[in-house]
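Chain by chain, the residues:
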Amino acid sequence: MRTQIHAADAASSDTTIAAASAAVDKLLHQIHDRIHRVNSLKSRSLSSSSSRISVSSSSSSSTLDVSRFLPFDRLSAASLLDPEIIPSLRPLDAVESFSDLYRCIIKVSSSTIETAGLYLEQCALFRGMLDPKLFRKGLRLVRENAVDVNTKVVTAAWLRYERREDELVGSSAVDCCGRNVECPRACLKAGYARESVYDQCDCRTQVIDEENREVMEIDDGEGCSNSDSEELGFDMGFRVGEVEIRCMRYKIGMMSRPLKAMLYGEFVEARRETIYFTQNGVSVEGMRALELYSRTKRVDCFDPCVVLELLSFANKFCCDELKSGCDVYLAGLVDGLERAVSLMEYGLEETAYLLVAACLQVFLRELPGALQNEKVMGFFCSSEAGKRLSLVGHCSFQLYYFLGQIAMEDDMKSNTTVMLLERLVECAALKWQRQLGFHLLGCVMYERNEYKDAEKWFQAAADAGHVYSMVGVARCKYKRGHKYTAYKLINSLLAEQPQTGWMYQERSLYCVGKEKISDLDKATELDPTLSFPYKYRAIQLAEEKMIGAAVSEISKIIGFKVSPDCLELRAWLSILQEDYEGALRDVRPILTLEPDYMMFNGRLHAEQFVDLLCSHVQQWSQADCWMQLYDRWSSVDDIGSLAVVHHMLANDPGNSLLRFRQSLLLLRLNCQKAAMRSLRLARNCSTSDHERLVYEGWILYDTGHREEALAKAEESISIQRSFEAFFLKAYALADTDLDQESSSYIIQLLEEALRCPSDGLRKGQALNNLGSVYVDCEKLDLAADCYMNALNIKHTRAHQGLARVYHLKGQRKAAYDEMTKLIEKARNNASAYEKRSEYCDRDMAKKDLCMATQLNPLRTYPYRYRAAVLMDDHKEDEAIAELSRALAFKPDLQLLHLRAAFHESMGDITATLRDCEAALFLDSTHADTLELYERARKRAEDQQQ
């Protein structure tokens, strides 16, 4: 979901917003007037745009009538700036929740079935933190502890989806990654195998074995043919129609208890040599196969249709071993969506666990495309479909959690999404599962404007213990005209619960004037990552004709949290200032983040708006773009650099190098989802195998598959030596604790990279990395040379490395001056202020760190430094409060560890244990926290004794 500016309710009584709305109306009228002035130029502009990405196909003429897209109606408070209701679990006290769940995990570590479920709950909490890396880490822990096939299949498919391999050209749903963790065959094997989950799978070995088996079957025809009945000792027969199939009574009787009772018990068939089987639904081919199976215990030499018949026979006569063999064989035949659809019905009908699992695996690995396949969705959506899956053991909460999340991302308002979430609620057995299921259904119903149903689901989630869902209850009441009731509801929350930023933000929607502004300021104080207060204040400043101040206000949050809605608002404000280049600078990154983004209440595609703005700015050639990119890259203007790259890609959409540069910029801005999409596009646009392998390696590395990334880099180098392949290999190897030998090898790799052709942007990064390795090896002069060379080609971030060299040489003033240069040059300089604080006295350091927090409140070092200073001054309570202030909106490992250490020094063992457990919940391998935790546990035990 995203916040956009929507068409409004003309009856709004909020005068402040009405005035802000008038300002936006003025903005839109100015756009409209400008467009009319350049209509004659627009025709010529569009006719020459063949080198750019074309305007939407709905625009058939060269002139675009934009007036029909512009929302000239009034804008109301709710529709203008409604903050998003986060569709995730959001505990009131994240630290307490993390601690409680960690204790549960370590208590049941020996019970692997429960452990996988607890790690799934961890994933749900990680998803609410909006950290893709933590979420993927949680999924891997679920997969490591999975025992049953359903959990393995769903988790492996989810991990694959996180890389969106469905978007990679040439990939297949049943492709194997080479390791058990996501191998389609390995996931169909039940049992706990945590030690081998990341080992190489045996797919290649199995392919060779299958080829050898086929040769063996050709040489030895006896295994799959009927030999002379007298030689084999057949002593009875089954008649099917006019054909009698001779069998061995003992072999058939041993297949199940019902068959044994029929052939050896009191039934009349026990005394007959020939048994009539025509009415039992078995064909002649099926009966012959059954006889052969009774002797060979193999089904892999039969036609699949015959095996399906044997599966039905096995169910009818309780032949467990035969059913298992048929199930395994048929599961191995599922090699694509078409076959999975055709076999799924058989699997459900015959309750074939593995066959259904294999079909599910293909469906899930085809997501999100499979959402548009009615036949596939027919197996999941209805209540009856859920019951059928339950009968075969595959109707799990995790399955519908996965399907529901993908459906919400694809289309929040669709009927498919609603039905999948209804099945999720039906599967919810635990408290947290009910909270999540109810809350998600409330979010979807809210987006569908079905406020009565949404309120019901939000209330159910709140009743189950999810306090955050009260936001949804209040919002629905407000939408239904009960504004004062909504206000009282949130007001009671603030009185009864620990106060949070989102509570004040929500209450601000239901009040006016100074009280509204006070609530918004308090929301920002408690949680500076909430975007709504910044947007509202920016609109208010615009209404007061303080456009520059409005731009500064919205730029505060864009500086550390980039989102399309905030960029869109800043673009509008830039247009009010007639700064069309500034507007274009913001709209192009919107398209990078969300290529299908619609502006003006969904009436105009952002790409079309770019074309309109281009008529007001100077046009750049590709050479001009490269110069602009160097300038903005060197000034650490990541959003400006993104805009230039988008412009260049409009002229050359198949340029994989530019797509890769785009992904690097997006990673800097912490836009991981968009960065991965750019990486996939770079891979799909690559024109050579060695280049494709490099991008595949980065995709793997960025999703936590370091060893696989190294293998891709080495394979690329074996084909052709290139800068990017050596750089990838060096980068991946450096992501460990390095000894002298490893450092020397990384230096060799980076030197090899620098010998290969590349542009200055990438060589500057390589020189910077090389300097860092030299510093770690205490080769300071060589490091300084690297940093100076990087600065010579405008790699501005090298100032930081050079400052570190000066500091290690004892030249603290030179280090400070070097960081000052970086601050002056860099547009995004929060980290520079933070780093400069290390090279000055305490008072100046405090000022720099306050500035760093003001520019980016998500950086945790300033909080830790200030807290440490307070502890040194024996102001323990203030030190704890400083850390708690940041932890309220950013649960962080280092913050938690430091606060735990402070609690220990104050003798508060209970608080020490809680913070250690929360920290270990984020990273269970953190050595310092583990040591502190064990020490605190021992002290707690001693106190109890």
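Visitor: Break down the overall build of the protein for me, with residues and values.
Guide: Broken down by element type, the protein carries 50 helices and 5 strands. Here the protein holds 945 residues, and 55% of them are scored as buried. If you take every contact in the protein between residues at least 6 apart in sequence, the share linking residues at least 24 apart comes to 60%. Accessible surface for the protein amounts to roughly 40800 Å². Of this, 48% is attributable to carbon and sulfur atoms.

Visitor: Quick rundown of a nonpolar patch on the surface? Include the residues and the values.
Guide: A surface patch of nonpolar side chains, about 360 Å² in accessible area, is lined by Tyr 250, Met 254 and Tyr 264. Mapped onto the fold, Tyr 264 is located in helix H11 (residues 257-264). When its relative accessible area of 45% is taken as the criterion, Tyr 264 is described as partly exposed.

Visitor: Describe in detail the confidence of the model for the protein, supporting the description with residues and values.
Guide: Overall, the prediction assigns the protein a mean pLDDT of 87, with 88% of residues at 70 or greater. Every residue in residues 1-21 is under pLDDT 50, and counting partners more than four places away or in other chains gives 59 contacts. Note on residues 34-79: pLDDT under 50 across the span, and 93 contacts to partners over four residues away in sequence or across chains.

Visitor: Explain the nonpolar core to me, and be specific about the residues and the numbers.
Guide: Core analysis: the largest hydrophobic core is formed by 182 residues, its most contacted members being Phe 238, Phe 277, Leu 322 and Phe 380. The element best represented in this core is helix H16 (residues 353-365), accounting for 10 residues. The contact partners of Leu 322, leaving out residues within four places of it in the chain, are Met 255, Leu 290, Tyr 293, Val 299, Leu 310, Phe 313 and Ala 314. Grouped together as the second largest cluster of nonpolar side chains are 56 residues, Ile 539, Met 599, Leu 649 and Leu 665 included.

Visitor: Pulling in residues and values, what's your account of helix H38 (residues 723-733)?
Guide: The periodicity of an α-helix, 3.6 residues per turn, causes residues three or four places apart in sequence to face the same way. Counting buried residues along H38, 10 of its 11 residues qualify, which places the element largely inside the surrounding structure. For H38, the complete set of buried residues consists of Phe 723, Glu 724, Ala 725, Phe 726, Phe 727, Leu 728, Lys 729, Ala 730, Ala 732 and Leu 733. Looking at the buried residues of H38, the elements they touch are helix H34 (656-668), helix H36 (689-702), helix H37 (706-719), helix H39 (740-755) and helix H40 (760-776).

Visitor: Lay out the pattern of salt bridges in plain terms, naming residues and giving numbers.
Guide: Taken as a whole and judged by the stated rule, the model has 64 salt bridges. As a salt-bridge pair, Glu 291 and Arg 295 come within 2.5 Å of each other at their nearest N and O atoms. With Glu 291 and Arg 295 both in helix H12 (residues 284-296) and 4 residues apart, this pair spans about one turn of that helix. For Glu 291, a relative accessible area of 0% corresponds to the buried category. According to the relative accessible area criterion, Arg 295 is partly exposed, its value standing at 22%.

Visitor: Explain unusual backbone geometry to me, and be specific about the residues and the numbers.
Guide: What you tend to see is this: most non-glycine residues have negative phi, and most peptide bonds are trans. Following Leu 367, the chain continues into Pro 368 via a peptide bond in cis, with omega recorded as 5 degrees. Its place among the elements puts Pro 368 in the loop between H16 and helix H17 (374-378). One non-glycine residue, Cys 318, lies in the positive phi region at around 60 degrees. Locating Cys 318 in the fold gives a position in the loop between helix H13 (304-316) and helix H14 (320-333). With a relative accessible area of 44%, Cys 318 lands in the partly exposed category. Here Asn 670, not a glycine, exhibits a phi torsion of approximately 60 degrees, which is positive. Mapped onto the fold, Asn 670 is located in the loop between H34 and helix H35 (672-685). A relative accessible area of 56% means that Asn 670 is categorised as exposed.

Visitor: An account of the state of the cysteines is requested, with residue identities and associated values reported.
Guide: This structure, assessed with the given rule, holds 0 disulfides. Unpaired in this structure, Cys 187 has its nearest cysteine sulfur neighbour in Cys 183, at a distance of 6.7 Å. You can call Cys 187 buried: its relative accessible area is 0%.

Visitor: How would you sum up the packing of aromatic side chains? Please name residues and give values.
Guide: Taken as a whole and judged by the stated rule, the model has 31 aromatic pairs. Between the aromatic rings of Tyr 478 and Tyr 510, the centroid separation amounts to 5.2 Å while the plane-to-plane angle is 55 degrees, which identifies the pairing as tilted. Placement of the pair is Tyr 478 in helix H23 (residues 470-479) and Tyr 510 in the loop between helix H25 (501-508) and helix H26 (513-526), with a sequence separation of 32 residues. Neither Tyr 478 nor Tyr 510 differs from the other in exposure class; each is buried. With centroids separated by 6.3 Å and ring planes inclined at 50 degrees, the aromatic side chains of Phe 532 and Tyr 536 adopt a geometry described as tilted. One end of the pair is Phe 532 and the other is Tyr 536, both in helix H27 (residues 531-543) and 4 residues apart, which spans about a single turn. Judged by its relative accessible area of 3%, Tyr 536 is buried. Taken together through their ring pairs, the aromatic side chains of Phe 135, Trp 158, Tyr 161, Phe 397, Tyr 401, Phe 402 and Trp 432 make up a single cluster.

Visitor: Please set out the packing of helix H46 (residues 861-872) against helix H47 (residues 876-887) residue by residue, giving values where relevant.
Guide: Close contact between H46 and H47 brings their axes to 7 Å; oriented N to C, the two are set at 170 degrees. As far as their axial angle goes, H47 and H46 are roughly antiparallel. On H47, the residues that touch Tyr 863, Arg 864, Arg 866, Ala 867, Leu 870 and Met 871 of H46 are Glu 876, Glu 878, Ala 879, Glu 882, Leu 883, Arg 885 and Ala 886. For the contact of H46 with H47, the per-class residue count stands at 7 nonpolar, no polar and 6 charged.

Definitions and cut-offs
Residues numbered from 1 in each chain as written. Predicted model: local features only at pLDDT ≥ 70, side-chain atom pairs only at ≥ 80, totals over all residues. Heavy atoms only, no water. Helix = DSSP H or I, 4+ residues; strand = E, 2+ residues; numbered from the N terminus. Buried < 20%, exposed > 50% of the residue type's maximum accessible area, 1.4 Å probe, protein only. Contact = heavy atoms within 4.5 Å. Areas by Shrake-Rupley, 256 points an atom, 1.4 Å probe, with all protein chains shown as cover. Patch = residues over 30% accessible without salt bridge, like charges linked within 9 Å, V, L, I, M, F, W, Y side chains within 5 Å. Salt bridge = Lys/Arg side-chain N within 4 Å of Asp/Glu carboxyl O. pLDDT = per-residue confidence, 0-100. Core = buried A, V, L, I, M, F, W, Y, C linked by side-chain atoms within 4.5 Å. Disulfide = S-S within 2.5 Å. Phe/Tyr/Trp six-rings, centres within 6.5 Å; stacked < 30°, edge-to-face > 60°. Axes fitted to C-alpha atoms, helices over the stretch in contact; angles between N-to-C directions. Parallel < 35°, antiparallel > 145°, perpendicular 65-115°, else oblique. Nonpolar A, V, L, I, M, F, W, Y, C, P; charged D, E, K, R; others polar.

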